[in-house]
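A look at the structure
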Amino acid sequence: MSVTSGTDERVALIANRALGGRELCRALSDATDRWLVSVFAQAVEGAKGRFALVATGGYGRGELAPYSDLDVLLLHDSPKQVGAVAERLWYPIWDAASGPDKVKLGHSVRTVKEAKALAGDDLDTATALLTSRHLAGDHELTAELAGAISADWRARRAHWLAVLARGVGERHGAAGEAAYLLEPNLKESSGGLRDIHALRWAESAGALIAPPDRVSLGEAEDVLLAVRVALHRATGRHGDVLWLQEQDSVAQIAGYASSDALMAAVSEASRRVMWVGDETWSRVNGLPPVAADHPLASGIVLRGGEVELDPAADPADDPTLMLRVARSAAAIGARISRSTLERLTASARDMPSPWPAGAIDDFVGLLLAGHPAIPVFEALDQYNLLVRILPEWAPNRYKPQRNAYHRFTVDRHLWETAANAADLAHRVTRPDLLVLGALLHDIGKGYPGDHTEVGVELVRQIGPRLGLVDDDVDVVIAMVEHHLLLPDVATRRDLSDDVTIQAVANAVGSATTLDLLAALTEADSLATGPSAWGSWKRDLVGVLVDRAHHVLGGGDVAEVTWRLFPTTEVLELMAEGGTAIRTTDDLIIVVAPDRPGLFARVAGVLSLHGLDVLSAEAHSDDAIAGREAMAANEFRLVPPSDGITWSKVVADLERALADQLAIEARLAERAHTYRRRKMLSATLNPPSVRIHNDASSNATVLEVRAPDKIGILHRIAKALGELGLDIRHAKIQTMGNEVVDTFYVRNAAGLKVTDPFHLREIERALLHAVA
């Protein structure tokens with residue numbers, strides 16, 4: 001078989017959409033075998049010595065996805081001949097990489113002795129050879145190596161199991177959990193394909209995996225392999241991360257009705273793998289020795305390091321038993337035994353309405369356990385028990401959140417938020433309502449309609465059923481209704497505006513609810529993602545809460561002292577006239593003669609240097625004798641990890657203010673060359689402009705929501721300047737790949753914009769600017 005015919009067969013298989021998943025992987029492996037056997041025969045022709053070609057890793061398992069690496073080992077016993085043989089073997093494969101096949105070769109050349117020595121110390125080499133497969137050449141060489149690797153794996157099983165377990169833990173820490181991530185790594189994340197491989201390697205070393213679990217792993221592997229094949233086909237390249245922007249096309253190729261259905265299938269498959277893995281690795285790592293059963297609660301004992309039901313306990317007679325088991329497990333950080341979960345599944349009834357006395361105490365106790373409660377919730381959910389406690393939970397299982405701002409599925413996000421809230425329980429007077437509100441704040445996301453409105457109605461039903469009194473139900477409803485109030489106002493409104501503070505105080509109604517919302521805001525943000533709770537947002541929310549507390553306590557909102565802009569120093573610079581630029585680590589102040597588009601020019605230069613703006617302030621005065629009108633703009637920035645080279649930024653600012661910098665052209669060039677990850681239209685809302693004339697006492701408030709693009713703040717500011725608007729204050733927020741920017745503007749007369757025609761033109765100009 002020629003190189004061309006071999007790769008042609010592979011290309012045809014990859015293009016054949018009638019084949020998918022494991023069937024395609026097997027067919028592609030078989031076609032690759034035929035090709036490499038032919039290349040090998042030509043490479044060893046006339047060579048003296050013994051040679052064998054061995055497939056290793058995924059290729060050895062017969063799991064070649066369309067653009068998987070070809071991992072092969074050339075075994076030999078002829079050091080003098082092997083160089084020429086390897087050259088004749090590898091070069092035809094490398095040549096194929098330049099064609100439509102895009103094959104990538106992972107190769108090594110070893111004697112049996114060398115391979116055994118390397119596998120004795122290196123886990124990756126050892127596991128790659130565990131599933132090796134003879135392709136061509138001397139069978140005895142391959143058999144000798146395979147036998148040695150298998151014998152060593154069994155002889156040193158305690159060592160290899162410990163190394164495997166440690167490697168699994170490290171990988172999980174780096175790649176997260178596939179079942180709950182918005183963008184999982186199908187191979188490396190916890191619950192991914194590599195976990196299945198590791199469990200099979202562990203079984204080869206003596207770890208026990210029950211037959212039903214082997215079946216479950218095989219079914220999960222079928223799902224993950226099929227999605228991985230579809231991902232390769234969708235992108236036309238090797239890759240394992242299921243990026244948000246690829247999910248629609250992967251779903252279509254893999255035969256799912258929608259990207260949500262795709263991600264639900266991945267989540268469910270990954271949870272199966274995680275569940276088997278958790279049980280297996282807990283046995284491998286060893287459970288703490290227990291001399292005898294240790295009672296934990298009525299009918300519940302700690303046995304062999306796991307929480308178990310006493311044989312005499314009957315879940316059918318005691319509906320609260322499931323909650324007591326869960327609370328006991330979370331309290332000591334122990335697993336619920338499989339036998340107990342199976343008993344609960346077989347016998348436990350749905351929680352009655354209203355809940356029995358004491359049930360809510362166990363539920364709150366479970367939530368207040370914090371992060372140890374998360375694996376307990378996972379176990380209950382794995383056995384479909386959580387919906388017996390809270391039937392409204394069902395639509396949120398496996399539910400992805402279709403934006404890059406969130407990192408978790410809805411169910412995991414709610415568990416994480418509740419766990420974070422438990423850590424903040426000392427800050428509030430009602431820790432019970434805090435964790436309940438945290439668990440329920442997004443429960444409406446699994447249902448059609450506005451998730452907040454749906455959530456409020458669900459809590460109206462859930463609260464009384466749990467046994468909450470009416471006043472407490474009202475507080476939890478307020479937490480759900482206003483769970484976005486503090487972060488939205490803090491990051492999008494002028495906190496020095498009395499109208500803003502009074503509106504927040506009126507909405508929350510009491511200091512108790514305000515404190516609960518403040519803690520919920522932090523817990524929710526921390527659960528959302530790494531960019532959702534920085535020092536800037538934390539400080540703004542803190543300022544807003546302090547001011548609202550002052551008003552709720554009977555104080556006058558105008559009594560609070562604020563950091564004002566311009567400061568005394570800035571006012572002195574304006575009085576001097578001319579241009580001045582001042583910088584600190586994350587702040588730049590530009591004072592210059594007032595002119596149309598000044599704010600836009602500064603924003604454009606900052607964008608040219610890749611600097612993201614958090615907030616901005618603006619101030620201008622009138623011309624006086626001997627000095628023209630002056631303006632001051634302050635921009636607070638997100639400091640890059642490598643810092644800001646202010647000298648270059650200032651130099652470009654000076655050029656821009658002197659009309660010597662082609663800002664528009666440079667931004668266009670940067671947008672063309674700077675590759676941002678694209679987002680599908682399904683994952684982002686269309687651009688929108690909201691105009692508020694009652695959100696500030698002295699300015700019109702414009703809220704612009706749009707996909708993030710290079711220079712978008714510059715374009716927005718330029719559009720506002722062209723309509724004669726003066727930007728007095730701005731809050732800039734980026735959420736994933738979407739911006740939500742708020743501008744406080746006045747017209748040329750220094751007043752709010754009230755003319756209906758002017759307002760419509762503002763909306764038209766802004767939508768055009770962000771299109």
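Residues numbered from 1 in each chain as written. Predicted model: local features only at pLDDT ≥ 70, side-chain atom pairs only at ≥ 80, totals over all residues. Heavy atoms only, no water.

1. Describing the confidence of the model for the chain
For the chain, per-residue confidence averages 90 on the pLDDT scale, and 95% of positions sit at 70 or higher. Of the regions scoring below 50 in pLDDT, residues 675–682 engages in 17 contacts with residues more than four places distant in sequence or in other chains. (pLDDT = per-residue confidence, 0-100. Contact = heavy atoms within 4.5 Å.)

2. Quick notes on the packing of aromatic side chains
Enumeration according to the criterion identifies eight aromatic pairs in this entry. On the numbers, 5.0 Å between centres and 20° between planes, the contact of Trp153 with Trp160 is stacked. An angle of 5° between the planes, with centres 5.8 Å apart, marks the rings of Phe377 and Trp415 as stacked. Of this pair, Phe377 sits in helix H16 (residues 373–382) while Trp415 sits in helix H18 (residues 410–423), and the two are 38 residues apart along the sequence. What makes Phe377 buried here is its relative accessible area of 3%. A relative accessible area of 2% places Trp415 in the buried class. Three or more aromatic residues joined by ring pairs make a cluster, and in this case those are Tyr180, Phe377, Trp393 and Trp415. Stacked on the ring of Tyr59, the Lys or Arg Arg133 has its end atom at 5.3 Å from the ring centre. The ring centre of Tyr180 lies 4.8 Å from the NZ or CZ of Arg412, which sits over that ring. (Phe/Tyr/Trp six-rings, centres within 6.5 Å; stacked < 30°, edge-to-face > 60°. Helix = DSSP H or I, 4+ residues; strand = E, 2+ residues; numbered from the N terminus. Buried < 20%, exposed > 50% of the residue type's maximum accessible area, 1.4 Å probe, protein only. Lys NZ or Arg CZ within 6 Å of the ring centre and 35° of its normal.)

3. Some remarks on the sheet that holds strand E8 (residues 335–336)
Spatially, E5-E6-E7-E8 is the arrangement adopted by the four strands of the open sheet, whose pairing is mixed. Looking at which strands have only one partner, the edges of the open sheet turn out to be strand E5 (294–297) and E8. Against the sheet, helix H14 (residues 338–347) engages strand E7 (306–309) and E8, with an angle of about 35° to E7. (Pairing = 2+ DSSP bridges. Axes fitted to C-alpha atoms, helices over the stretch in contact; angles between N-to-C directions.)

4. Notes on the pattern of salt bridges
In this structure the tally under the stated criterion is 51 salt bridges. For the salt bridge of Arg22 with Glu221, the shortest nitrogen-to-oxygen distance reads 3.0 Å. Of this pair, Arg22 sits in helix H2 (residues 21–44) while Glu221 sits in helix H10 (residues 211–235), and the two are 199 residues apart along the sequence. The partly exposed category is assigned to Arg22, whose relative accessible area is 36%. Among the salt bridges present, the one from Glu219 reaches Arg272, with a minimum N-O distance of 2.5 Å. (Salt bridge = Lys/Arg side-chain N within 4 Å of Asp/Glu carboxyl O.)

5. Brief notes about unusual backbone geometry
The omega torsion across Ser353 and Pro354 is -5°, close enough to zero to call that bond cis. For Pro354, the location among the structural elements is in the loop between H14 and helix H15 (359–368). A positive phi angle, near 60°, is found at Asn384, a position not held by glycine. Topologically, Asn384 is positioned in the loop between H16 and helix H17 (386–389). Assessed through its relative accessible area of 39%, Asn384 is described here as partly exposed. In the Ramachandran plot, Tyr398 falls in the positive-phi region, its phi being about 65° despite a non-glycine side chain. Positionally, Tyr398 belongs in the loop between H17 and H18.

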